[in-house]
Every structure is written in structure tokens, then in C-alpha cells.
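The primary structure of each chain is shown beneath.
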Amino acid sequence: MTPQAKVEILQHLIQIPSVNDHETDVADYIASLFAPYPQAKIEKVPFAQNRDNLVVTIGDPAGPQLGLCGHMDVVSAGDETAWSHAPFAGEVVGDQLFGRGASDMKSGLAAIVITLLEFLEQGVQLKGSVRLMGTVGEETGEYGAAKLTDEGYADHLAGLVIAEPSGLGNVVYTARGVIDYKVVSTGKASHSARPEKGVNAIDNLMKFYNAVGPIMAKHTKTDPVLGGLLHNVDLISGGEQINSIPAHAELMANMRTIPAYPNQVIYDELEALIAKLNEEPDVDLALSYSYPEEAIPGDPNAPLVQLAKQISDEVCGHDTQIVGSGGANDGAEFLRAKADFTSIEIGPGSNTSHQVDEYISVTEFLQAVEVYEALVPAFFEETLKAAVD
């Protein structure tokens with residue numbers, strides 16, 4: 001496949017506006033690229049209407065299986081008039097290809113798609129199988145990865161490479177977890193001149209707000225790579241109008257967890273606080289979570305981590321760093337699978353993810369294909385050798 005043909009695949013992906021939805025359009029396009037190859041097993045795994053995950057498997061099923069993962073959704077482009085380059089055009093200017101998702105992460109997705117396509121085109125005889133997993137809903141909660149994990153698509157993996165925009169100069173082996181939670185306070189409306197006739201939902205919500213901070217501040221352990229536990233209340237709303245006692249109030253908070261504090265520890269503390277406050281007269285608080293993810297502990301010396309570093313060093317001519325990530329990724333869901341495997345993150349990217357005029361270096365995008373095409377067979381060789389030893 002020519003470099004121009006590879007760039008055109010990425011452009012086509014960017015031209016599909018899969019903003020927090022409509023990933024099926026992306027899945028259908030990718031599936032069409034594999035349609036000429038009967039040896040490729042193509043599966044669409046529905047999550048919701050217009051939101052199909054895509055799984056493409058090639059290679060020898062008798063050998064180890066390596067997963068290559070990329071999400072198909074992107075965040076909103078925001079005010080499109082603020083962009084110098086149309087967000088869904090995939091315009092190339094010099095070495096930069098612009099568009100929403102150019103960095104996060106349709107360039108990584110395109111690179112792993114092209115990797116499998118070139119193996120098929122060239123008739124490469126792999127000593128294992130490669131499973132490409134295109135997921136939905138990563139930007140809003142790893143919905144697709146959760147679905148694929150529950151359906152067993154990661155149960156036989158020997159390793160997983162997530163093509164998130166780490167930049168090819170970094171291999172991410174550990175990552176923070178995330179807990180998004182909501183607390184809803186239900187009160188009773190009354191005229192503000194007669195507050196004794198009502199129950200102020202905001203007052204009761206603030207009891208939780210004032211108590212939760214000190215509880216979370218007690219978690220003082222730090223991870224040498226990821227740092228400490230983070231807890232931020234980011235949204236608060238409540239009330240109906242200025243002269244009414246509010247009957248409803250709610251807050252939403254975002255937490256970034258570390259391996260020292262498994263999510264269950266946090267759940268137990270939040271739920272205990274809610275139960276304690278609800279024992280007070282007229283307090284009615286309800287707690288809910290939105291697709292929480294566990295932290296990924298990882299091992300910097302794991303064979304897949306070291307192999308990815310070695311190959312990126314060779315292909316790109318730099319000293320690849322082994323690092324952690326402050327953000328969650330699909331790997332947190334896939335690691336719930338029955339198999340025991342290492343999950344890493346390495347992919348093309350720039351520091352413009354989620355920003356206006358997001359872009360990717362065309363050079364780095366093409367290098368990513370080289371990295372993956374070298375990594376896959378090398379992983380099979382090392383895995384089979386380790387099994388014999």
C-alpha cells in the first residue's frame with residue numbers, strides 16, 4: 001500500500017463525524033476494507049443503535065493472540081468557526097493532517113487497520129492471530145470495551161496494544177483509573193418565606209460535599225509514576241427559582257484512582273457516607289456511578305513493554321520512554337477478561353487532542369504502521385520462545 005493510500009484511509013475515517021455516536025459508520029467503512037479478504041473474520045458487535053463495535057481477526061488461531069485496539073468515537077469539534085481547517089475534512093498541510101480525531105485517535109485506529117491489511121495483501125504467514133478491536137464510546141466511558149470484554153473477545157489474548165496517542169516516543173504501561181459519580185439530593189419545595197414547610201435539597205447536598213473532601217484527603221499514598229489519588233467535584237446544580245426552597249439538587253465528581261486504592265475502597269467509603277447522612281431527618285441522598293474503571297498497575301519490565309520500546313527505538317530512531325498515564329483507557333475494561341496479559345498503550349499523537357485544529361504528523365502516522373508491523377511478528381516469536389523455555 002502506498003503512503004498516499006494510507007493517508008487516504010485516515011482522511012476517510014476523519015470525514016466520518018463519529019462524535020460520541022454513529023460509530024457504526026466507521027465500523028462499516030473499516031469492514032469494507034477487509035471485505036476482499038475471506039481469510040479475515042469480520043464481526044460487528046452491537047452496543048446500541050448506530051453504535052457497533054468491530055472485531056477483525058486474522059492469522060493462525062493455533063498460535064498466541066495479540067489484540068490491537070482503537071476507539072472509533074471522537075469528542076465534539078465545538079465551535080467549528082474557530083478552526084482554521086475544517087474539523088471533518090482531513091486536510092493535509094505540509095506534514096500535518098488536520099481534523100477532529102486526527103490525534104485522538106483515528107490515526108492510531110487507521111494505523112492498526114492498515115497493519116492488518118498489509119499483512120493480508122502481502123500474504124504474511126503469522127505465527128499467531130491478530131485481533132483488531134474497534135470500540136465505541138471510549139470518550140464517554142469505555143462502553144464498547146466493556147461490551148467486548150463481557151462477550152469474551154479478550155479471553156484468549158496473550159497481549160494487548162492500544163493505539164492511543166501516547167506519541168511513539170512513549171510506551172504507557174500503567175494508568176490511572178477513573179470514578180465518575182453523582183449524588184442526587186431530594187427535598188421538598190415550599191415558599192422561601194416558609195422554609196419550615198419544605199426540605200432544602202441544597203443544604204442536604206452540601207452536607208455530603210463538606211464531608212467527602214476530608215474523607216478523600218485521608219488517602220495519602222502516592223504512586224511513583226502516577227502520583228496520588230485525585231478527587232474533584234466539578235458540577236453542582238439545584239433549585240428552581242429564587243423564592244422557592246429547592247426540592248432537587250445534585251453534584252457530579254470525577255476521581256482519578258491509583259493501584260494503591262482499588263475502586264472498591266472508594267465505593268465503600270462513598271456509600272458509607274451516604275448511608276450515614278441518610279440517617280439524619282429529612283435527608284434523602286442517592287449515589288450512582290458512570291462506567292468506573294480500575295487503575296492499571298502494569299510492569300515496566302514486562303516483555304511486551306520492553307519489546308514495544310525496542311521496536312519504536314529502531315523504527316523512529318529515538319529513546320522511547322516507558323511511562324504512566326493520568327487518563328483511563330480501554331485496557332482497564334479488557335483486563336477484566338479471563339486471560340492474564342499485559343496491556344500497553346503506544347500510538348501516534350500530538351498535544352492537540354480534543355483541541356481546535358487537532359492534527360497528526362503524517363510522518364509519525366506512517367511510522368506507527370511500521371512499528372505495529374514489526375511488533376506483531378516479534379511478539380509472536382518472543383511469546384512462543386518463552387513458552388518453549
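See the structure shown above.
Below: a short report on this structure. This structure is a prediction, so every number in the text was calculated from the model and none was measured.

**Quick word on the overall build of the chain**
Here is step 1 of the chain: Check the secondary structure of the chain and you find nine helices and 19 strands.
Here is step 2 of the chain: Compactness check: the chain gives a C-alpha radius of gyration of 23 Å against a globular reference of 21 Å for 389 residues, within 12% of the reference.
Here is step 3 of the chain: Its C-alpha atoms put the chain at 80 × 55 × 35 Å along the principal axes.
Here is step 4 of the chain: Residues classed as buried in the chain amount to 52% of the 389 residues present.

**Here we look at the environment of Arg-100**
Here is step 1 of the chain: For Arg-100, the location among the structural elements is in the loop between strand S5 (96-98) and helix H3 (106-122).
Here is step 2 of the chain: Looking at Arg-100, the relative accessible area reads 2%, which means it is buried.
Here is step 3 of the chain: Separated by 60 residues in the primary sequence, Arg-100 and Ala-40 have C-alpha atoms spaced 29 Å apart.
Here is step 4 of the chain: Reaching out from Arg-100, the side chain makes a polar contact with the backbone oxygen of Val-75 at a distance of 3.4 Å.
Here is step 5 of the chain: Reaching out from Arg-100, the side chain makes a polar contact with the backbone oxygen of Gln-355 at a distance of 2.9 Å.

**Describing helix H7 (residues 303-316)**
Here is step 1 of the chain: Its 14 residues give H7 an end-to-end C-alpha distance of 20 Å, which sits within 8% of 20 Å, the value for a rise of 1.5 Å per residue.
Here is step 2 of the chain: Of all the residues in H7, the buried ones are Leu-304, Val-305, Leu-307, Ala-308, Lys-309, Ile-311, Ser-312 and Cys-316.
Here is step 3 of the chain: The positive-phi residue at the C-terminal boundary of H7 is Gly-317, with phi of around 70°.

**What about the sheet that holds strand S16 (residues 285-293)?**
Here is step 1 of the chain: Read across the sheet, four strands follow the order S13-S15-S9-S16 without closing on themselves; strand pairing throughout is antiparallel. The sheet is open, and its two borders are formed by strand S13 (230-238) and S16, each paired with just one other strand. Going across the sheet, the axis of each strand differs from the next one's by a mean of 15°, ignoring polarity.
Here is step 2 of the chain: Two strands pair when backbone bridges link them, and S13 and strand S15 (residues 248-257) are joined in this way by eight bridges, in the antiparallel orientation. Bridge pairing in S15 places Ser-237 opposite Glu-250.

**Details of the nonpolar core**
Nonpolar side chains tend toward joint burial in soluble globular proteins.
Here is step 1 of the chain: In this structure, Ile-30, Phe-34, Ile-58 and Val-161 are the most contacted members of the largest nonpolar core, which totals 62 residues.
Here is step 2 of the chain: Setting aside residues up to four positions removed in sequence, Phe-34 forms contacts with Ala-40, Ile-42, Val-56, Val-113, Leu-116, Leu-117 and Leu-120.

**As for the side chain of Asp-52**
Here is step 1 of the chain: Structurally, Asp-52 can be placed in strand S2 (residues 51-59).
Here is step 2 of the chain: When its relative accessible area of 12% is taken as the criterion, Asp-52 is described as buried.
Here is step 3 of the chain: Once residues within four sequence positions are removed from consideration, Asp-52 is found in contact with Glu-23, Thr-24, Ala-27, Lys-44, Val-45, Pro-46, Phe-47, Met-72 and Val-136.

**A few points about the environment of Asn-278**
Here is step 1 of the chain: By the secondary structure assignment, Asn-278 is in helix H6 (residues 263-278).
Here is step 2 of the chain: C-alpha separation for the pair Asn-278 and Asn-204, spaced 74 residues apart in sequence, amounts to 9.4 Å.
Here is step 3 of the chain: Those residues in contact with Asn-278 that lie beyond four places of it in its chain are Val-283, Asp-284 and Leu-285.

**A short note on unusual backbone geometry**
Here is step 1 of the chain: The linkage connecting Asp-104 with the following residue, Met-105, adopts the cis geometry, with an omega of -15°.
Here is step 2 of the chain: Along the polypeptide, Met-105 turns up in the loop between S5 and H3.
Here is step 3 of the chain: Positive phi, normally seen in glycine, also occurs at Asn-50, with a value near 65°.
Here is step 4 of the chain: Within the element layout of this structure, Asn-50 appears in the loop between strand S1 (41-48) and S2.
Here is step 5 of the chain: For His-354, which is not glycine, the phi torsion reads 70° and is therefore positive.

**Quick look at the packing of H3 against helix H9 (residues 362-388)**
Here is step 1 of the chain: In contact at an axis separation of 9 Å, H3 and H9 are set at 50° when each is read in the N-to-C sense. Judged on the interaxial angle alone, H9 and H3 are oblique. Judged by the sense of rotation from one axis to the other, the crossing of H3 with H9 is right-handed. Contact residues: Ser-107, Gly-108, Ala-110, Ala-111, Ile-112, Ile-114, Thr-115, Glu-118 and Phe-119 in H3; Phe-365, Ala-368, Val-369, Tyr-372, Glu-373, Val-376 and Pro-377 in H9.
Here is step 2 of the chain: Looking at the contact of H3 with H9, its residues break down into eleven nonpolar, three polar and two charged.

**Considerations on the packing of aromatic side chains**
Here is step 1 of the chain: Summed over all chains, the structure comprises five aromatic pairs.
Here is step 2 of the chain: Ring geometry for Tyr-267 against Tyr-289: centres 4.8 Å apart, planes inclined by 50°, an arrangement best described as tilted. Pair noted here: Tyr-267 is in helix H6 and Tyr-289 is in strand S16, with a separation of 22 residues, a long-range link.

**Comments concerning the pattern of salt bridges**
Here is step 1 of the chain: In the structure shown here, the tally under the stated rule is 14 salt bridges.
Here is step 2 of the chain: As a salt-bridge pair, Asp-21 and Arg-51 come within 3.9 Å of each other at their nearest N and O atoms. Here Arg-51 lies in strand S2 and Asp-21 lies in the loop between helix H1 (3-14) and helix H2 (23-34), a separation of 30 residues in the sequence.
Here is step 3 of the chain: Given the relative accessible area of 25%, Asp-21 is considered partly exposed.
Here is step 4 of the chain: Salt bridges here are not isolated pairs; linked through shared partners, they connect Asp-21, Glu-23 and Arg-51.

Cut-offs and rules
- Residues numbered from 1 in each chain as written.
- Predicted model: local features only at pLDDT ≥ 70, side-chain atom pairs only at ≥ 80, totals over all residues.
- Heavy atoms only, no water.
- Helix = DSSP H or I, 4+ residues; strand = E, 2+ residues; numbered from the N terminus.
- Rg over C-alpha atoms; globule rule 2.2 N^0.38 Å.
- Buried < 20%, exposed > 50% of the residue type's maximum accessible area, 1.4 Å probe, protein only.
- Polar contact = N/O pair within 3.5 Å; in protein donor to acceptor, adjacent residues only side chain to side chain.
- Expected span 1.5 Å × (residues − 1).
- Pairing = 2+ DSSP bridges.
- Axes fitted to C-alpha atoms, helices over the stretch in contact; angles between N-to-C directions.
- Core = buried A, V, L, I, M, F, W, Y, C linked by side-chain atoms within 4.5 Å.
- Contact = heavy atoms within 4.5 Å.
- Parallel < 35°, antiparallel > 145°, perpendicular 65-115°, else oblique.
- Left-handed = near helix turned anticlockwise from the far one by under 90°.
- Nonpolar A, V, L, I, M, F, W, Y, C, P; charged D, E, K, R; others polar.
- Phe/Tyr/Trp six-rings, centres within 6.5 Å; stacked < 30°, edge-to-face > 60°.
- Salt bridge = Lys/Arg side-chain N within 4 Å of Asp/Glu carboxyl O.

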